[in-house]
Structures are given as C-alpha cells and as structure tokens.
Amino acid sequence: MIPPLMPNYNRADLAFERGEGAWLWDAQGRRFLDFGAGIATTSIGHAHPHLVATIAEQAGRVMHTSNLYRVPQAERLAARLVEATPFADTVYFSNSGAEANEAMVKAVRKYHAANGHPERYRTICFEGAFHGRTLAMISATGNAKYLEGFGPPVEGFDHVPFGNMNAVRQAITKETAAIMIEPVQGEGGVRPADLRFLRELRAVCDEFGLLLALDEVQTGMGRSGKLWAHEWAGIEPDVMSSAKGIGGGFPLGATLAREKVAEHLKPGTHGSTYGGNPLACAAGNAVLDVILAPGFLGQVDRVARHLWRGMQDLAARHPAVVTGVQGAGLLLGLKLSDAVSNTEAQGAAVAEGLLTVAAGMNVLRVAPPLIITEAEADEALRLLDRAMLRITPGAAKAAAK
Ligand SMILES: *Cc1c(COP(=O)(O)O)cnc(C)c1O
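Not measured: the values here are computed from a predicted model. (Residues numbered from 1 in each chain as written. Predicted model: local features only at pLDDT ≥ 70, side-chain atom pairs only at ≥ 80, totals over all residues. Heavy atoms only, no water.)

Caption draft 1: Representation of the overall build of the protein chain. Along its length, the protein chain carries 14 helices and 17 strands. The C-alpha radius of gyration computed for the protein chain amounts to 21 Å, which stays within 12% of the reference 21 Å derived for 401 residues, consistent with globular compactness. For the protein chain, the C-alpha atoms occupy an extent of roughly 75 × 55 × 50 Å along the three principal directions. Within the protein chain, the fraction of its 401 residues that count as buried is 55%. Looking at the protein chain alone, contacts between residues at least 24 apart form 73% of all its contacts between residues at least 6 apart. Element-wise, carbon and sulfur atoms account for 55% of the exposed surface of the protein chain, whose accessible area totals about 18,000 Å². Distance from the positive charge centre (38 side chains) to the negative charge centre (41 side chains) of the protein chain: 2 Å. (Helix = DSSP H or I, 4+ residues; strand = E, 2+ residues; numbered from the N terminus. Rg over C-alpha atoms; globule rule 2.2 N^0.38 Å. Buried < 20%, exposed > 50% of the residue type's maximum accessible area, 1.4 Å probe, protein only. Contact = heavy atoms within 4.5 Å. Areas by Shrake-Rupley, 256 points an atom, 1.4 Å probe, with all protein chains shown as cover. Lys, Arg positive; Asp, Glu negative; His and termini not counted. Charge placed at Lys NZ, Arg CZ, Asp CG, Glu CD.)

Caption draft 2: Region of the structure containing the sheet that holds strand S2 (residues 23-26). Ordered in space as S1-S2-S3-S15, the four strands form an open sheet in which the pairing is mixed. The outermost strands of the open sheet, each flanked by one partner alone, are strand S1 (16-20) and strand S15 (354-355). Pairing analysis gives three bridges linking S2 to strand S3 (residues 31-34), with the strands arranged antiparallel. Counterpart to Trp-25 in the pairing with S3 is Arg-31. The sheet contacts of helix H13 (residues 374-391) involve S2, S3 and S15, and relative to S3 the element is tilted by about 110°. (Pairing = 2+ DSSP bridges. Axes fitted to C-alpha atoms, helices over the stretch in contact; angles between N-to-C directions.)

Caption draft 3: Quick look at the UniProt feature "binding site: N(2)-acetyl-L-ornithine" (unreviewed entry) in the protein chain. The feature "binding site: N(2)-acetyl-L-ornithine" (unreviewed entry), as annotated in UniProt, sits at Arg-133 and Ser-272 in this numbering. Lining residues of the second largest pocket drawn from the annotated set just named are Ser-272. The residues contacting Arg-133, other than those within four sequence positions of it, are Ala-98, Ile-138 and Tyr-146. Discounting chain neighbours no more than four positions away, the residues touching Ser-272 are Asn-67, Tyr-92, Asn-95 and Glu-99. (UniProt positions renumbered as here; feature names shortened; annotations may be inferred. 1 Å grid on protein atoms, 1.4 Å probe; cavity = no way out; pocket = protein on both sides within 12 Å on 5 of 7 lines; lining within 4 Å.)

Caption draft 4: Main features of the site of the ligand. In the vicinity of the ligand, the contacting residues are Ser-96, Gly-97, Ala-98, Asn-101, Phe-130, His-131, Gly-132, Glu-182, Asp-215, Val-217, Gln-218 and Lys-244. Here a nitrogen atom of the ligand and a backbone polar atom of Phe-130 are 3.2 Å apart. Residue Gln-218 places a side-chain N or O atom 2.7 Å away from an oxygen atom belonging to the ligand. It is helix H4 (residues 97-114) that provides the largest number of residues to the shell around the ligand, a total of three residues. (Near = heavy atom within 4 Å. Polar contact = N/O pair within 3.5 Å; in protein donor to acceptor, adjacent residues only side chain to side chain.)

Caption draft 5: Expanded view of empty space enclosed by the protein. Per the counting criterion, the structure on display carries two cavities of 30 Å³ or more. For the largest cavity, the calculated volume is near 40 Å³. Forming the walls of the largest cavity are Ala-40, Ser-43, Val-217, Gln-218, Gly-220, Met-221, Arg-223, Ala-243, Lys-244, Gly-245 and Leu-370. Of the residues that constitute the lining of the largest cavity, the class distribution is five nonpolar, four polar and two charged. Of the volumes computed, that of the second largest cavity is approximately 40 Å³. (Points joined across faces, edges and corners; volume = space filled by probe spheres on them. Nonpolar A, V, L, I, M, F, W, Y, C, P; charged D, E, K, R; others polar.)

Caption draft 6: Representation of the packing of helix H3 (residues 72-84) against helix H10 (residues 278-291) within the structure. Contact geometry of H3 with H10 gives a least axis separation of 8 Å together with a crossing angle of 35°. Pair H3 / H10 crosses with left-handed handedness. Residues Gln-73, Ala-74, Arg-76, Leu-77, Arg-80 and Leu-81 of H3 pack against Pro-278, Cys-281, Ala-282, Gly-284, Asn-285, Leu-288 and Asp-289 of H10. Among the residues forming the contact of H3 with H10, the class breakdown is seven nonpolar, three polar and three charged. (Left-handed = near helix turned anticlockwise from the far one by under 90°.)

Below, the structure is given as structure tokens:
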C-alpha cells in the first residue's frame, strides 16, 4: 500500500531533529557533519541565530500579503541584489529554482517577441544540465530519464555537448533566442564549464543577438567563493536565476535581469501568489547580511581552497576508488572509479557520520554550508578517508591480515 507521504524519493533512513552550523543530530542523538547542506541550500548553516531571529520576528508580524500590495522586504532584497550584481537592473522573486528558471525562459521569449521576433523562442541547453522538474524545465534539462512518461516535451529546447563551441555555433538558427547554462553543472556531476568557454558563449550571444541566461541556482550566492560563479569568467549574463542558498533553507527563488530583458514582463504576463512574500524576503535579507558582510566571501574562498587540496590528497591516497576531484569553491565532487558507486560511497560516509550528496556521472558531491571552518573541513576529510577505506575493493581483507 502506498504510504501517505508519496514515495517519489529514495530517502535514507535518517531523520534529523536539530541542527547547528554544519552539524545535524538525529533522534538517537547521533551527530552528523552536514557536507550536503540540504543540496547546497543551507548556505549559512543550520539554526543561524540571525536567520532564526529574523524569520521569527517577521512571522510574528506578517508572513504573507500577496503581490496585490507592496512588499517592503522584497523591495529591499531586490535593491540589495541589484546593487551587488553589476549586470542586474531588476529582480523577480519566486519560490524555487525551477520557477526562477521558468521566469528566466519566459522573459527571454517575451524579449524577442516584443522586439518583433516571436519566431525566436528556442533556447540552446547542454547535455548533463539540470534546470528543475516543471514540464518546461525537464524539457530544458533534456535528460530522457526525467522526460519518460510525461508526454511530449515542451517545444523550444535544443541540446549540445557541454563545452563544445562548434556544436553551439551549429545549433544556432533564426529561431534561437538564448543560450542557457550552469557555470558548474551540479546535478550533472559537479562539472565546471571552462572559463574560456563561458567567455566564448558571451561573445557568440553578442554576435547573433542572443541572450545569455545563466542558471546559478546551485552555483550562486557565494558558493563559488564569489557572489556569482560567472564572476570568475569575467563575463556578465543578460538574465540569471538563483535559488537554493539564497533563502538559507527557506524557499526562495530569484530571477535577476537586465532592464531590456525584463521590461516586457508587464503586469499580467507572469506572477506567483507566494513569490517574494514578506517572510521569504526577510529570510533572503538575513542570508544576504551574512554573505555580503566584509570578509565573508574571502573566507569561503580560503576554506574552499583548503578543502580542494585535502580532497586532492584524499584522491591520491585512494586511487582504486577516487579518480579525480572537480568543481569550484564549496561545490566539489569526488569522481569515483567504476569499481564503486557514488551511492555506495555516500552510504559509507553516512556510516562515518558525514552527509554528502550523490551527483551524476558517479560523482560524490561535497557542498557544505559556506560558514564551515578549516577544522570542520579537516574533520570531513578524515571521515571521507575512512569512508573510502570502507569501500575500497579488498581493503577489508587486507586490513584483517
Ligand atoms: C536544484 C536546481 C534547480 C531546481 O531547483 P528547485 O528548487 O528544486 O526547483 C535548477 N537548476 C539548478 C542548477 C539546480 O541545481
């Protein structure tokens, strides 16, 4: 019989009662080091006092009023995001990454239609991408596994190999509106785009009058060591989505755009009942207080480099299990050998008290809260080392000798 809670996830048999910073405790009092951060989402850690106090205070005043009225918390959050993001002139708020991407693609299509080119509605996407689970976003994602059984895909998404500039150029037609890409493919295997490739995409968009649409749902809000991952390439998109870390665990999505892209989304063209409500935006402002505080992103960069070096050492110590380290900032992946699976590695890490997240291409993803210390990174490395020993083929027998 189907359980009351729809069984559409593969859940580990763990439930947490309490968290603090990078740590979680289950009902039996077992402590776990959380280097998954609820899939790169609890950006400033569990139970951050400033976020908790802000949410409690706002919940006690007013949570929701709808977009029939002004929302001062949203006006403030939008102004701060625009101020911190050179290309962005304006922000639309929603409740998730998929919704932030939907708004992004709708803005792109509206832009070309309003400029007399309704035939330009197609978006070039990349193999291995992940853009969310709505009907349009599984089409943008393009992964056959996610499309299976859901009828015809939404029209207007073309897929080319990640990093292949010739394929991008060949895919451009008179109907192309935009190129949409994650600076680091998260779900797809923690695969960073070459910085040169990102710069070439910007150039090809300018050459053909296309919009560059970045999905920074996972890479943004400081995860890369800069506020936005595209800053490492020295480029600016025309429109960009953010979610996951932006609410620190409270559901919030955002679509940041240039004026020329957003100006055609007039009243009645797009919207959301919850989107950008007082509670969500209070949470967003509290997260931003922490992430934009002087020195915070510099510390993320330092601890990320420390973790990167440690993971390189880890890979060198476990050549039968780990074949490489990839990613950027605090979004890192251990590429595993064919001898082991990432779900096996994830289970071994849990057995050692460490939470991680599996990603595509047999990668074990490490995406801790941005507030971790170097000591916590070292502790995670120690636990990962023991987890890799657990799954090393033949290691148990060798140890027993
Ligand atoms: C998680 C993710 C999404 C989808 O976000 P939801 O909040 O689950 O809708 C979209 N794009 C990227 C890059 C993501 O990592």
